[in-house]
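A structural walkthrough
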Amino acid sequence: MFSKNNSIDFTPFPMYGYNGKYWGYAITIISLLLYVVKSIFQNFAAIFDAENTVVNEVLLWSIGFGLYTIAFSKEKNDDERVRLIRYQSLRIAMGTMLSFIFAIGITNTFSPMNFENNVFFQMYSSFMMGVVWYLFNFYRGLLFDADFVYSDNTVKVNLIKNKKYFIYGYLIPIALLLIVLLFNWVFA
Amino acid sequence: MKTTIKVERAKKDMSQSELAEIIGVSRQTIHSIERCKFVPSTVLALKIAAFFETKVEEIFILEDDD
């Protein structure tokens, strides 16, 4: 634990090594297959059914845990460019997840939800949004979008340079907020 | 910024993968640096220059708009 100079030498929230990805893929694929098989035998029962069983939730959380393991495993060659892409992706995922939780929270303020039925949906959707959105952006930056690393414009500059940002940055989040409001109104 | 890594690589008849392995980064990183899509850190730039036995400012050249 202590280095030669008696300073503390540990990494807060360390990543898994590259082998973590294999475990992540294995857990995700096996859980997904089990969930599909179970759903077939239950005639495609709704994921967020009020009568949801513990087994269903465990399988869904296992899928999420597998993706989480993949997300927090290092790349084979984890160099400075990969670390920069990881930072950008985590920032995007964190911001999106916080916005989503904010949307759920504020709708609860105006339209109190029946938490007995919704708590799994709230927790699971927030968790999966963070993990999936991080993975999507990370591999987009790593494999497809070379400009991703230095894309750090402010809101104003994005609007000036790219009118489509208004759609992605404002209209889509507002649409998501309205969907969450509608969901809470229908199922609350 | 522009870079002459591709030219230096060609002089040594070397692929991006081979250079990446020697320097200790991924092939995609070398590719991104050559395309000027990624600016390497000081250490990485010095490593590349040391490998090609040239100065850093001969491999990475600032442009007017930088």
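As the structure is a computational prediction, the values presented were derived from the model and not from experiment.

**Observations regarding the pattern of salt bridges**
Residue and element names in this part refer to chain B.
- Considering all chains together, one arrives at five salt bridges over all chains under this definition.
- Note that Lys11 is salt-bridged to Glu8, the shortest N-O span being 3.5 Å. Here Glu8 and Lys11 lie together in helix 1 (residues 5–11), a separation of three residues that amounts to about one turn.
- Look at Lys11 and you get exposed, because its relative accessible area is 62%.

**What to know about the environment of Met1 of chain B**
- Summarising the element assignment, Met1 of chain B is placed in the segment before strand 1 (2–3).
- Note: C-alpha distance between Met1 of chain B and Lys37 of chain B (36 residues apart in sequence) is 9.6 Å.

**So, the nonpolar core**
- Core analysis: the biggest nonpolar cluster contains 37 residues, and Leu67 and Leu135 of chain A together with Ile5, Leu19, Ile33, Ile48 and Phe60 of chain B have the highest contact counts within it.
- If you list the elements that add at least two residues to this core, you get helix 2 (54–71), helix 3 (80–110) and helix 4 (115–144) of chain A together with helix 2 (16–23), helix 3 (27–34) and helix 4 (42–51) of chain B.
- The element that contributes the greatest number of residues to this core is helix 4 of chain A, accounting for eight residues.
- Discounting residues that sit within four places of it in the chain, Phe60 of chain B has contacts with Met1, Lys2, Thr3, Ile5, Ile33, Pro40, Ala45 and Ile48 of chain B.

**Some remarks on the packing of aromatic side chains**
- Under the defined criterion, the tally for this structure stands at 12 aromatic pairs over all chains.
- The rings of Phe13, Trp61, Phe65, Tyr68, Phe72, Tyr124, Phe127, Tyr134, Phe138 and Tyr139 of chain A are connected pair by pair, giving a single aromatic cluster.
- Over the ring of Phe51 of chain B we find Lys12 of chain B, and its NZ or CZ is 5.1 Å from the ring centre.

**What about a negative patch on the surface?**
- Together, Glu63, Asp64, Asp65 and Asp66 of chain B make up a negatively charged patch on the protein surface.
- Given a relative accessible area of 54%, Asp66 of chain B falls into the exposed group.

**Points about the interface of chain A and chain B**
- Contacts between chain A and chain B engage 10 residues on the former and 13 residues on the latter.
- Carbon and sulfur atoms supply 48% of the area that chain A and chain B bury against each other, a total of about 970 Å² over both sides.
- Area buried by chain A at its contact with chain B is led by Glu80, Arg81 and Tyr150 of chain A, which between them contribute 52% of it.
- Counting every contact that joins chain A to chain B gives zero salt bridges.
- Per-element accounting of the side of chain A that touches chain B gives the leading share, three residues, to helix 3 of chain A.
- Classifying every residue of the side of chain A that touches chain B gives five nonpolar, one polar and four charged.

So, how was this worked out
Positions within a chain are numbered from 1, following the residues in the order the chain's sequence is written. Here the convention is simple: chains get letters from A, ligands get numbers from 1, in the order in which they are written. This being a predicted model, a pLDDT of at least 70 is required before a residue's local features are given, and a value of 80 or more before pairs of side-chain atoms are given or counted; all residues contribute to the totals for chains, interfaces and linings. Hydrogens are left out, water is left out, and the side-chain values use all remaining heavy atoms of the structure. The salt bridge definition used is simple: a Lys or Arg side-chain nitrogen within 4 Å of an Asp or Glu carboxyl oxygen. Comment: elements are numbered from the N terminus, with helices defined as DSSP H or I runs of at least four residues and strands as E runs of at least two. The buried label applies to any residue whose accessible area, calculated with a 1.4 Å probe on protein chains only, is under 20% of its type's maximum; exposed applies above 50%, and partly exposed to all values in between. Throughout this description, the term nonpolar core refers to a set of buried Ala, Val, Leu, Ile, Met, Phe, Trp, Tyr and Cys residues connected via side-chain atoms within 4.5 Å. By the convention used here, residues are in contact when the closest approach between their heavy atoms is within 4.5 Å. Any two of the Phe, Tyr and Trp rings considered here, Trp counted by its six-membered ring, make a pair once their centres fall within 6.5 Å; the pair's planes then place it as stacked at under 30 degrees, edge-to-face at over 60, or tilted in between. Here, a charge over a ring means that NZ of Lys or CZ of Arg falls within 6 Å of the ring centre while also lying within 35 degrees of the ring normal. Grouping into patches uses exposed residues only, defined as over 30% relative accessible area, and leaves out salt-bridged ones; the cut-off is 9 Å for like charges and 5 Å for nonpolar side chains (Val, Leu, Ile, Met, Phe, Trp, Tyr). With residues, only the protein chains shown are counted as cover, and all accessible areas are computed by Shrake-Rupley using a 1.4 Å probe. Neither His nor the chain ends is counted toward charge; the positive residues are Lys and Arg and the negative residues Asp and Glu. Where a charge sits is defined by one atom per residue type, namely NZ (Lys), CZ (Arg), CG (Asp) or CD (Glu). When two parts are put together, the accessible area they lose, computed with a 1.4 Å probe and summed over both, is reported as buried area. Any residue outside Ala, Val, Leu, Ile, Met, Phe, Trp, Tyr, Cys, Pro, Asp, Glu, Lys and Arg is labelled polar, Gly included; the first ten of those are nonpolar and the last four are charged.

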